[in-house]
Amino acid sequence: AHSSGANFAGEELYQRLHQYLQQRMKTLLKVAETRMDDSLLNYYKKEWDRYTTATKYSNHIFAYLNRHWIKREADDGKKEVYEVKVLALVTWHKYLFTPLKTRLTNAVLALVEKERNGESVDTALIKGVVHGYVLLGLNKEKPKENTLDVYTKEFEDQFITATEVYYTAEAQQFIASNSISDYMKKVEKRLVEEQKRLTTYLHPSTQTELIGRCEKVLIDKHRDLIWGEFKGLLENDKRDDLSRMYHLLSRINRGLEPLKDILENHVRDKGTDAINAVAREAIVKPKLYVDTVLKIHQKYNSLVNEAFKTDSGFVASLDKACRRFINDNGVTKIAKSSSKSPELLAKFCDMLLKKSPKNPEEQEIMKILGDVMLVFKYIEDKDVFQTFYSKMLAKRLIHNTSASEYLEGQMISKLKQNCGYEYTSKLARMFNDMSLSRELLERFKGNHKDVSGVDFSVLVLATGSWPLQPPSTNFTRPKELADCEKAFNAFYTQQHSGRKLNWLHQFSKGEMRCRYFLASKAGYTFQCSTYQIGILVQFENEDVQTFEQLLIATQLTEAALKMTLLSLVKTKVVLIEPKNIRFTKTHKFTLNKKFRSKRMRVLINVPVRQAQQKESDDTGKQIEEDRKLQIQAAIVRIMKARKTLKHGNLMSEVIGQLQTRFRPKISIIKKCIDILIEREYLERVEGQKDMYSYLA
């Protein structure tokens, strides 16, 4: 009886509370129906706040009812029985919110539109009403759980639609009367505003849909117009606008793709134009060439870093563009070879690493060498750079013109990082030879004082490590030098039995004291090549020598003698008669006794342009021959591993193996295959088209 009475009291109390709440809702609804827009929202929010506060108190007051009768009813499966706080929300939703929801949502959207139009609105009012939508999302199966069904269906869907309509109209109107640059600023501002709107009065779940819809309407729909503006912004270097464009287009799918191609073509064209403008001068001025390349790279590298946030796609576009204009430009066209680019880069390095009063401080040179390596990474013919660089390094070491051993080591270290140990192994061995030579010379001088009154030094260099060719001419050394060589030969044979020395007089040099000048009783000390010494000593007894006499006395070839005499004529040490540098055997040469110089020590071993050009041409031929050997070696390695291979596949693998050093030409690969077939390394497989077989 007691239990039955409790049940009856609980049910009656619950029903009376429910009826009271329903009646209260009807009263509120009558008042609400007389209100419009902001007035409706203010009234709704005020009553909602009062109601939810009262609900908290009521839930405490009816705590016993919640714990016993309501819990028992719910456990028995009665779905229409809720805890008091849930009952209050269910009643509000059914009897007040549902009749008003359309007007409420429209009123909120009207306020949002006013805010978008720049009017001041009560955001706390919007937040309070919208938050109510969230709280009314009840899960009737699990009353304690909250869902976003009401918020999504009754507010968010309409809000997103209204947003799309608003920004579609605004974008069309704005673009019609403003520039794309101004439009992008507008879009950037709008996106910031919408993000702020999210944090101020919208539920976080709205973010993805809201921002996605804004991006679609404001950016994606107008991307063609935005893309069309990109080239103009690049031309005028509008970095702020470019950065803004990148930021906006990165928000949409594939929004940046066309920009990468435009950037690549733009940088390629600007780089090509810059080099073409100085090509005639730059082909003989390595510094001008490298500075021009670096200026373009630095400009667009900073653009990619700043405006495009070092985006990998834009970095790749910059790299492709630089690779194209560095390997194919006005300079390479004049030279009729892409190899001119690495040659000039190597010559620029030589200028930096040589002793010179014009060179900057060591720290500044280190920075420039870092810039050089930026250009180097774009060079396709890295073997050309290696060949020229190693020859110039050899000269710096032989003639002791290197500015700093530390800088030389740093440059080799940078090349090693870029290309691996094999690329720089010979360069490192050259330094080792220099160290061994110094020790050997000390031992020689300890045993032999000045031979024939000559202060004699020698470098012993391993043939396999140094890019030095044997002399292309005979040469009759003056007796004093011949005695020195003989003494060192005997000493070296004693030290290293079985080894043979080949003297490279074309790289040798010395100092010669002369006292035949009218203007200087003390005379001058000439710093000259060994060939120049060989010619000058012929004037010891005869003031005039013919070309033929010098040819017989020195045993130099006509070409070598012409080049050496040209340098003596150019420095005005020797006078020529007749004054025509197209030498014949009857040309006469006389010592210039009126020679004058402000210096007591005079460098007369100056390079002659014809000799420099010949050396450059010879190096080019050497590179071509070395490439053929490398291609043949690659073919043999590949075929030894594969045994049989189709022509196309062999071509691809050869290019793949060698492209880090140079890009082999298809025609040269074919010639190398034919050479290897003739030498019986390979054979064509009978009955199978384009198939090769390896012969062990």
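One can find the structure itself at the top, above this paragraph.
Time to look at the packing of aromatic side chains. A full pass over the atoms with the stated rule returns 30 aromatic pairs. Counting every residue linked through ring pairs, the aromatic cluster contains Phe444, Phe456, Phe488, Phe491, Tyr492 and Trp503. Here Arg116 stacks its cationic end above the ring of Tyr166, 5.8 Å away from the centre of that ring. The cationic tip of Arg396 hangs over the ring face of Tyr389; the distance from NZ or CZ to the ring centre is 5.4 Å.

Pairing in this open sheet of 3 strands is antiparallel, and the strands run β7-β9-β8 from one edge to the other. Edge positions in the sheet fall to β7 (644–646) and β8 (682–684), since each of these pairs with one other strand and no more. Between one strand axis and the next, the sheet turns through 30 degrees on average, direction left out of account. As paired strands, β8 and strand β9 (residues 691–694) are joined by 3 bridges and run antiparallel to one another. Opposite Arg684, over in β9, you have Tyr692 as the bridge partner. Where helix α25 (residues 647–658) meets the sheet, it contacts β7 and β9, and its direction lies at approximately 95 degrees from that of β7.

The next point concerns the nonpolar core. Counting residues in hydrophobic clusters, the biggest one holds 136 residues, and the most contacted among them are Trp92, Phe308, Phe385, Tyr389 and Met411. Of all the elements, helix α4 (residues 84–116) adds the most residues to this core, at 13 residues. In this structure, Trp92 is in contact with Met25, Leu28, Tyr44, Glu47, Trp48, Tyr51, Phe97 and Leu136, ignoring residues within four places of it in sequence. Among the nonpolar cores identified, the runner-up in size contains 31 residues, and Tyr531, Ile533, Phe547 and Ala560 belong to it.

Moving on, we get to unusual backbone geometry. Here the amide bond leading from Glu577 into Pro578 is cis, since omega sits at -5 degrees, within 30 degrees of zero. Relative to the elements of secondary structure, Pro578 occurs in the loop between β4 (574–577) and β5 (588–591). In this structure, Thr310 is a non-glycine residue whose phi angle is positive, near 55 degrees. Position of Thr310 relative to the elements: it lies in the loop between α12 (286–306) and α13 (312–327).

Cut-offs applied
- Residues numbered from 1 in each chain as written.
- Predicted model: local features only at pLDDT ≥ 70, side-chain atom pairs only at ≥ 80, totals over all residues.
- Heavy atoms only, no water.
- Phe/Tyr/Trp six-rings, centres within 6.5 Å; stacked < 30°, edge-to-face > 60°.
- Lys NZ or Arg CZ within 6 Å of the ring centre and 35° of its normal.
- Pairing = 2+ DSSP bridges.
- Helix = DSSP H or I, 4+ residues; strand = E, 2+ residues; numbered from the N terminus.
- Axes fitted to C-alpha atoms, helices over the stretch in contact; angles between N-to-C directions.
- Contact = heavy atoms within 4.5 Å.
- Core = buried A, V, L, I, M, F, W, Y, C linked by side-chain atoms within 4.5 Å.
- Buried < 20%, exposed > 50% of the residue type's maximum accessible area, 1.4 Å probe, protein only.

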